[in-house]
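What follows is the residue order along each chain.
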There are 2 protein chains.
Amino acid sequence: MKICREQIITIALSLLDREGLEGVTLRKVAAQLHVHAGALYWHVQNKQELLDELANALLSPYFVQWEGRTPEQPWSKWLQATCEHLREAMLSHREGARVIAGAGLGRAVQLAQLMELIVQSLMSAGFSLRQAFLTCSTALSYVYGFVIEEQAAPTNASIKQARSSEETLISKIQHEKRIHHYTTEMDFRAGLELILEGAKQQLQK
Amino acid sequence: MKICREQIITIALSLLDREGLEGVTLRKVAAQLHVHAGALYWHVQNKQELLDELANALLSPYFVQWEGRTPEQPWSKWLQATCEHLREAMLSHREGARVIAGAGLGRAVQLAQLMELIVQSLMSAGFSLRQAFLTCSTALSYVYGFVIEEQAAPTNASIKQARSSEETLISKIQHEKRIHHYTTEMDFRAGLELILEGAKQQLQK
DNA sequence: ACCTGAACACCGTTCAAGT
DNA sequence: ACCTGAACACCGTTCAAGT
């Protein structure tokens, strides 16, 4: 049975969607390739490397073709679209945000390249290197944190809380959301706008 | 050997600092209490519950005494202090951010309470329920994402990159940081200020 | 009520040996 | 070059049986 790196990643990805991150196991991947677990170590250094490649595999289809800001494009619109695109990439697979955050900037090549593209796009719009970096890192941190929480499986505790409708502000917020048909996507956009607005202000000084 | 829930959490916390999150294992905790692994299940439902308690244990010393905004306090100063305090709680133990994010709002009672306190403090400063929620959730997502990345162990890849000082913008940023003695804390504050600035702007409309 | 002892069904990783 | 076979040192979880 000849196998290659790509097959391993593809199988791992499908396993991620079916069983979640904790279900992604070298032994299960090997089994689906009709191969013993030890055989994977010829194609992959260890499990962490597989996880890193998983992060890249999530990001690649969304960002290999992604263009930097064009001169006539306002930077805030471009950055907004880029962050929403990143969120979509994360949402494209179960626990995607966790996978990407787990790899981090140091490991996920795609993520480092994306950061490069953002900083460059902001600088061409008049940001200093530091301003561009801070805006970029703030936006990315926000996306990370937001989507990780968004993808966290609803627990028994949170369901119980929602059901019992206590007099907490959080349950009032949930209630208001239902009435006004607020979506999680709207929350995400609104938070992102806060950051973009802050960056605009900073830029004028 | 009589043991109790508190001891389990204390041991787990020390294990977290010594060996990191993946070193926190029911069997190791049990061994340090001179008890068989199965015995822990009398005090704890499963490993996840222990992890949730770990998140609370990280937050409690920082937030049980934490006060809501006082009338004479500007909301932005109070929120800034609160977010910096949260970051310090996360940094107080190895991989603290990951532990807290892993528990999430649904599991870490302390975190849900903190959110409650923030929303309430912002509303008393004139925010609508929705404005307060969005500002709170944006700030918290940012802190999450920032500190998770901050605490990610530097990898071989990132060290190699730093050493080879390629012509990437990211390495230029690292370089600039060293020259100007920028700290990670300054980066955190600057990003936070972006969000606070954006929230101020939003409030005026 | 609280723990032992032992099992069950898993993990990642290594490595001689095969082909 | 690439995989088998088998081992090693672990995991979380369950549960009868002890005290």
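It should be emphasised that the depicted structure is a prediction, and the values quoted were computed from it without experimental measurement. (Residues numbered from 1 in each chain as written. Chains lettered and ligands numbered in written order. Predicted model: local features only at pLDDT ≥ 70, side-chain atom pairs only at ≥ 80, totals over all residues. Heavy atoms only, no water.)

Caption draft 1: Summary view of empty space enclosed by the protein. Scanning the model with the defined rule gives one cavity of 30 Å³ or more in all. In this structure, the largest cavity is lined by Glu 95, Arg 98, Ile 148, Gln 151 and Ala 152 of chain A. (1 Å grid on protein atoms, 1.4 Å probe; cavity = no way out; pocket = protein on both sides within 12 Å on 5 of 7 lines; lining within 4 Å. Points joined across faces, edges and corners; volume = space filled by probe spheres on them.)

Caption draft 2: Local environment of the pattern of salt bridges. Residues and elements named next belong to chain A. Taken as a whole and judged by the stated rule, the model has 20 salt bridges over all chains. As a salt-bridge pair, Arg 5 and Glu 49 come within 2.3 Å of each other at their nearest N and O atoms. Separated by 44 residues along the polypeptide, Arg 5 in helix α1 (residues 5–19) and Glu 49 in helix α3 (residues 47–63) bring together distant segments of the chain. Owing to a relative accessible area of 32%, Arg 5 belongs among the partly exposed residues under this scheme. Between Arg 87 and Glu 150 there is a salt bridge; the shortest N-O distance is 2.8 Å. Pair noted here: Arg 87 is in helix α4 (residues 75–91) and Glu 150 is in helix α7 (residues 129–151), with a separation of 63 residues, a long-range link. The exposure class assigned to Arg 87 is buried, which follows from its relative accessible area of 8%. Beyond isolated ion pairs, a larger network of salt bridges with shared partners links Arg 5, Glu 49 and Glu 53. (Salt bridge = Lys/Arg side-chain N within 4 Å of Asp/Glu carboxyl O. Helix = DSSP H or I, 4+ residues; strand = E, 2+ residues; numbered from the N terminus. Buried < 20%, exposed > 50% of the residue type's maximum accessible area, 1.4 Å probe, protein only.)

Caption draft 3: Structural view of the interface of chain A and chain B. Taken residue by residue, the interface counts 49 residues in chain A and 49 residues in chain B. Between chain A and chain B the total buried area reaches about 4,200 Å² when both faces are included, carbon and sulfur atoms providing 68% of it. On the chain A side of the contact with chain B, Arg 130, Leu 169 and Leu 194 of chain A bury the most area, a combined 16% of that side's loss. Taken together, chain A and chain B are joined by two salt bridges. One salt bridge in this structure joins Asp 187 of chain A and Arg 130 of chain B, with 2.7 Å as the shortest N-O distance. The interface formed by chain A and chain B holds eight residue pairs in polar contact (both at pLDDT 80 or more) in total. Elements that contribute at least two residues to the side of chain A that touches chain B include exactly α5 (96–107), α6 (109–123), α7, α8 (156–164), α9 (169–180) and α10 (184–204) of chain A. At 14 residues, α7 of chain A tops the list of elements feeding residues into the side of chain A that touches chain B. (Contact = heavy atoms within 4.5 Å. Buried area = accessible area lost by both parts, 1.4 Å probe. Polar contact = N/O pair within 3.5 Å; in protein donor to acceptor, adjacent residues only side chain to side chain.)

Caption draft 4: Looking closely at the relation of the copies chain A and chain B. Mapping chain A onto chain B calls for a screw motion: a turn of 180° about the axis and a shift of 0.0 Å along it, with 0.0 Å RMSD after fitting. Put plainly, the chains are arranged around a two-fold axis. Both copies share a contact surface, since 100% of the interface residues of chain A are interface residues in chain B too. (Least-squares fit on C-alpha atoms with pLDDT ≥ 70 in both.)

Caption draft 5: Main features of the domain arrangement of chain A. Residue and element names in this part refer to chain A. Per the domain assignment, the segments making up chain A are domain 1 (1–45) and domain 2 (48–156 + 184–204). Between domain 1 and domain 2, the C-alpha centre-to-centre distance is 28 Å. With 16 residues of domain 1 in contact, the opposing surface of domain 2 contributes eleven residues. Summed over both partners, the interface of domain 1 with domain 2 buries about 1,300 Å², with 70% contributed by carbon and sulfur atoms. When the buried surface of domain 1 facing domain 2 is broken down by residue, Leu 13, Leu 16 and Leu 21 rank first, second and third, together holding 37% of it. Our count for the domain 1 to domain 2 interface comes out at two salt bridges. Note that Glu 53 is salt-bridged to Arg 5, the shortest N-O span being 3.9 Å. Linking domain 1 with domain 2 are five residue pairs in polar contact (both at pLDDT 80 or more). A per-class count over the side of domain 1 that touches domain 2 returns nine nonpolar, three polar and four charged. (Domains from an automatic or database assignment. Nonpolar A, V, L, I, M, F, W, Y, C, P; charged D, E, K, R; others polar.)

Caption draft 6: Geometry of the packing of aromatic side chains. Evaluation of the coordinates by the stated rule reveals ten aromatic pairs over all chains. A centroid spacing of 5.9 Å and a plane angle of 75° characterise the contact between Phe 63 of chain A and Trp 66 of chain A, whose relative ring orientation is edge-to-face. Plain terms: the ring middles of Trp 75 of chain B and Phe 127 of chain B are 4.8 Å apart, the flat faces sit at 80° to each other, and that makes the pair edge-to-face. Of this pair, Trp 75 of chain B sits in helix α4 (residues 75–91) while Phe 127 of chain B is found in the loop between α6 (109–123) and α7 (129–151), placing the two residues 52 residues apart along the sequence. Exposure class is identical for Trp 75 of chain B and Phe 127 of chain B. Each is buried. Members of the aromatic cluster, each reached through a chain of ring pairs, are Tyr 142, Phe 146 and Phe 188 of chain A. Here Arg 130 of chain B stacks its cationic end above the ring of Tyr 182 of chain A, 3.7 Å away from the centre of that ring. (Phe/Tyr/Trp six-rings, centres within 6.5 Å; stacked < 30°, edge-to-face > 60°. Lys NZ or Arg CZ within 6 Å of the ring centre and 35° of its normal.)

Caption draft 7: Local environment of helix α1 (residues 5–19) of chain B. Residues and elements named next belong to chain B. The terminal C-alpha atoms of α1 lie 21 Å apart, and with 15 residues this matches the ideal 21 Å at 1.5 Å per residue to within 8%. Within the sequence span of α1, burial applies to Ile 8, Ile 9, Ile 11, Ala 12, Leu 13, Leu 15 and Leu 16. Among the structural elements, α2 (26–32), α3 (47–63) and α5 (96–107) are those in contact with the buried residues of α1. In the stretch just after α1, Gly 20 is the one whose phi turns positive, near 85°. (Expected span 1.5 Å × (residues − 1).)

Caption draft 8: Broad picture of the side chain of Gln 110 of chain B. All names here are of chain B. By secondary structure assignment, the location of Gln 110 is in helix α6. We classify Gln 110 as buried; its relative accessible area is 15%. When residues no more than four places from it in sequence are discounted, the contact partners of Gln 110 are Asn 56, Leu 59, Ser 60, Phe 63 and Val 64.

Caption draft 9: Spatial organisation of unusual backbone geometry. Phi is positive for Glu 95 of chain A, close to 55°, though the residue is something other than glycine. If you trace the backbone, Glu 95 of chain A turns up in the loop between α4 and α5.

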